[in-house]
Amino acid sequence: MQRINFKNAVLYKDMMVRAKRSNMSILMFILNLLLSIVAVIIVLSLNLSLSSFQSPSGAILPWFFISVIIFESAMICLVVPPASAGSISGEREHQTLDVLLTTNMTPLEIILGKYFSCLIYIGLLLLSTLPMVSIVFIYGSISFIQILALYGTLAIVAMYLASFGIYFSTICKKSSTATILSYLAIWVLIFGTISITAIGSVIVMIRNDAMNYEIYTLHTARAWSRDPFFFLLYLNPAATVVDVVGRLIGFDFGSDVFGGMDYILYNLGDNIQKTNFFIKFWTPISIILQLAVTFSVLTAAAKILDPTTHKKAKSSGR
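Computed from a predicted model, the values in this text were never measured in an experiment.

Asker: Please clarify how the overall build of the chain should be interpreted in this entry.
Answerer: For the chain, the count of helices and strands is 16 helices and two strands. A burial count over the chain gives 43% of its 318 residues as buried. Partitioning the intrachain contacts of the chain with sequence separation of at least 6 by distance along the chain shows that 76% fall at a separation of at least 24. Entry remark: accessible area of the chain is about 17400 Å², with carbon and sulfur atoms responsible for 69%.

Asker: Explain a nonpolar patch on the surface here, please?
Answerer: Residues Ile26, Phe29, Ile30, Leu33, Leu34, Ile37 and Ile41 make up a contiguous nonpolar surface patch of about 660 Å² in total accessible area. Assignment of secondary structure puts Ile26 in helix 2 (residues 23-49). The class for Ile26 is partly exposed, based on a relative accessible area of 44%.

Asker: How do you make sense of the layout of surface pockets when you look at a structure like this?
Answerer: Rolling a probe over the atoms, with the probe sized like a water molecule, indicates the empty space that remains. Here the largest pocket is characterised by a volume of approximately 530 Å³. Lining the largest pocket are 20 residues, with Val17, Arg18, Arg21, Gly86 and Ser87 positioned closest to its centre. Here the lining of the largest pocket is built from residues that sort into six nonpolar, seven polar and seven charged. The space that makes up the second largest pocket amounts to roughly 420 Å³.

Asker: It is not clear to me how the packing of helix 1 (residues 9-20) against helix 6 (residues 107-127) should be interpreted in this structure. Could you clarify?
Answerer: Helix packing for two helices is described by the angle between their axes and how far apart those axes are. Direction vectors running N to C along helix 1 and helix 6 enclose 35°, while the axes themselves pass 8 Å from each other. Every pair of crossing elements has a handedness; the one defined by helix 1 and helix 6 is right-handed. Residue-level inspection shows Val10, Leu11, Lys13, Asp14, Met15 and Arg18 of helix 1 in contact with helix 6, the latter providing Ile110, Gly113, Lys114, Phe116, Ser117, Cys118, Ile120 and Tyr121. Residues that form the contact of helix 1 with helix 6 fall into these classes: eight nonpolar, two polar and four charged.

Asker: What am I meant to see in the packing of aromatic side chains here?
Answerer: To describe a pair of aromatic rings, you give the distance between the ring centres and the angle between the ring planes. Scanning all chains against the criterion turns up six aromatic pairs. Judged by centre distance (4.1 Å) and plane angle (25°), the rings of Tyr234 and Trp282 are stacked. Note that Tyr234 is positioned in the loop between helix 11 (227-230) and helix 12 (237-248) and Trp282 in helix 15 (residues 282-305), a separation of 48 residues in sequence. For the pair shown, Tyr234 and Trp282 are each scored as buried. Here the aromatic residues Phe231, Tyr234 and Trp282 are joined through ring pairs into a cluster of three or more.

Asker: Looking at this model, I keep getting lost on the nonpolar core. Mind explaining?
Answerer: Proteins that are soluble and globular tend to have nonpolar side chains buried together. Within the largest apolar cluster, 63 residues are counted, with the highest numbers of intra-cluster contacts made by Ile76, Ile111, Ile122 and Leu161. Looking at this core element by element, the count peaks at 12 residues for helix 8 (residues 144-171). If near-sequence neighbours (up to four positions away) are discounted, Ile122 is found in contact with Ile76, Val79, Val80, Ala83 and Ala158.

Asker: Sorry, what's going on with the side chain of Gln290 here?
Answerer: By secondary structure assignment, the location of Gln290 is in helix 15. Not counting the four nearest positions on each side in its chain, Gln290 is found in contact with Tyr160, Tyr234, Leu235, Asn236, Pro237 and Thr240.

Asker: Sorry, what's going on with the environment of Leu78 here?
Answerer: By secondary structure assignment, the location of Leu78 is in helix 3 (residues 60-84). Look at Leu78 and you get exposed, because its relative accessible area is 56%. Linking Leu78 and Tyr183, residues 105 residues apart in sequence, is a C-alpha distance of 8.0 Å.

Asker: I would appreciate a short explanation of helix 15 in the present structure.
Answerer: The α-helix advances 3.6 residues per turn, and as a result positions three or four apart in sequence lie on the same side. The terminal C-alpha atoms of helix 15, which comprises 24 residues, lie 34 Å apart, in line with the 34 Å expected from a rise of 1.5 Å per residue. Considered for burial, the residues of helix 15 that qualify are Trp282, Thr283, Ile285, Ser286, Ile287, Gln290, Thr294, Val297, Leu298, Ala301, Ala302 and Leu305.

Asker: Can you help me understand helix 9 (residues 175-210) in this one?
Answerer: The terminal C-alpha atoms of helix 9, which comprises 36 residues, lie 50 Å apart, in line with the 52 Å expected from a rise of 1.5 Å per residue. Along its length, helix 9 shows its largest kink, about 40°, at Phe191.

Reading the values: the criteria
- Residues numbered from 1 in each chain as written.
- Predicted model: local features only at pLDDT ≥ 70, side-chain atom pairs only at ≥ 80, totals over all residues.
- Heavy atoms only, no water.
- Helix = DSSP H or I, 4+ residues; strand = E, 2+ residues; numbered from the N terminus.
- Buried < 20%, exposed > 50% of the residue type's maximum accessible area, 1.4 Å probe, protein only.
- Contact = heavy atoms within 4.5 Å.
- Areas by Shrake-Rupley, 256 points an atom, 1.4 Å probe, with all protein chains shown as cover.
- Patch = residues over 30% accessible without salt bridge, like charges linked within 9 Å, V, L, I, M, F, W, Y side chains within 5 Å.
- Salt bridge = Lys/Arg side-chain N within 4 Å of Asp/Glu carboxyl O.
- 1 Å grid on protein atoms, 1.4 Å probe; cavity = no way out; pocket = protein on both sides within 12 Å on 5 of 7 lines; lining within 4 Å.
- Points joined across faces, edges and corners; volume = space filled by probe spheres on them.
- Nonpolar A, V, L, I, M, F, W, Y, C, P; charged D, E, K, R; others polar.
- Axes fitted to C-alpha atoms, helices over the stretch in contact; angles between N-to-C directions.
- Left-handed = near helix turned anticlockwise from the far one by under 90°.
- Phe/Tyr/Trp six-rings, centres within 6.5 Å; stacked < 30°, edge-to-face > 60°.
- Core = buried A, V, L, I, M, F, W, Y, C linked by side-chain atoms within 4.5 Å.
- Expected span 1.5 Å × (residues − 1).
- Bend = angle between axes of the 7 residues up to and from the residue.

As structure tokens, this is what we get:
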């Protein structure tokens with residue numbers, strides 16, 4: 001087993017380089033400016049909707065916080081690929097990768113150094129938005145524990161998505177190609193899983209409708225269930241965020257309140273109940289699976305980066 005040096009020189013070097021660049025401060029400014037615009041709109045709408053004798057509505061501020069979470073989730077999806085996809089391919093383009101591989105650091109240590117450098121960068125962007133998000137404390141509609149849980153979920157989503165950027169950066173020679181593939185991977189994880197789930201559900205419904213007589217009258221065939229397709233969404237980071245937000249805050253639609261993935265699957269599934277173990281604990285199960293995928297992807301990237309792996313492959317092919 002490879003020994004991991006926690007005093008990672010790659011991490012230290014990358015953080016020093018990022019700190020000297022102005023793009024982080026500019027991105028923080030733009031991000032908080034956009035959040036400020038959202039905050040002003042929400043607060044003005046709150047004040048205009050209330051008379052001088054009314055108390056602040058408890059429904060508007062949660063919607064403000066939900067809007068912030070959606071905004072920051074989109075920010076992660078946009079920022080993570082360029083922040084991570086140039087990690088290894090950038091070293092290759094600057095012809096410094098071979099020098100880096102000749103050091104005492106193992107390929108896994110190099111991968112982890114690049115990976116955590118990207119995570120710290122994303123983490124600083126998220127932390128910069130906390131002062132704006134703290135507006136909700138004025139009215140006491142959102143607790144600190146809820147904010148901590150939601151920011152923790154966003155951090156895990158960033159870890160999950162950044163691993164793919166590191167992997168594509170390892171296998172691609174150009175950072176531009178790695179960035180495009182990273183965006184494509186995010187699209188597949190979010191919209192691809194939803195599309196496969198929807199298409200699979202439609203196919204099952206068409207099949208059951210076509211064999212309605214055999215299933216319900218003759219009892220010579222069994223109805224197919226759409227339920228297994230929905231569990232593909234465990235790999236969807238957007239579904240994890242939706243479940244956490246729904247369970248902690250909820251979406252109040254007036255006549256109905258959305259509570260998370262259990263609400264969606266209970267209404268769309270065939271036999272799924274809200275008390276189902278895999279639905280009740282959707283968030284922890286999805287987080288465990290996504291972290292397992294993250295570990296596997298980073299391990300695969302380290303093996304690809306290891307020059308001894310290629311030597312063994314060449315020697316075995318002779």
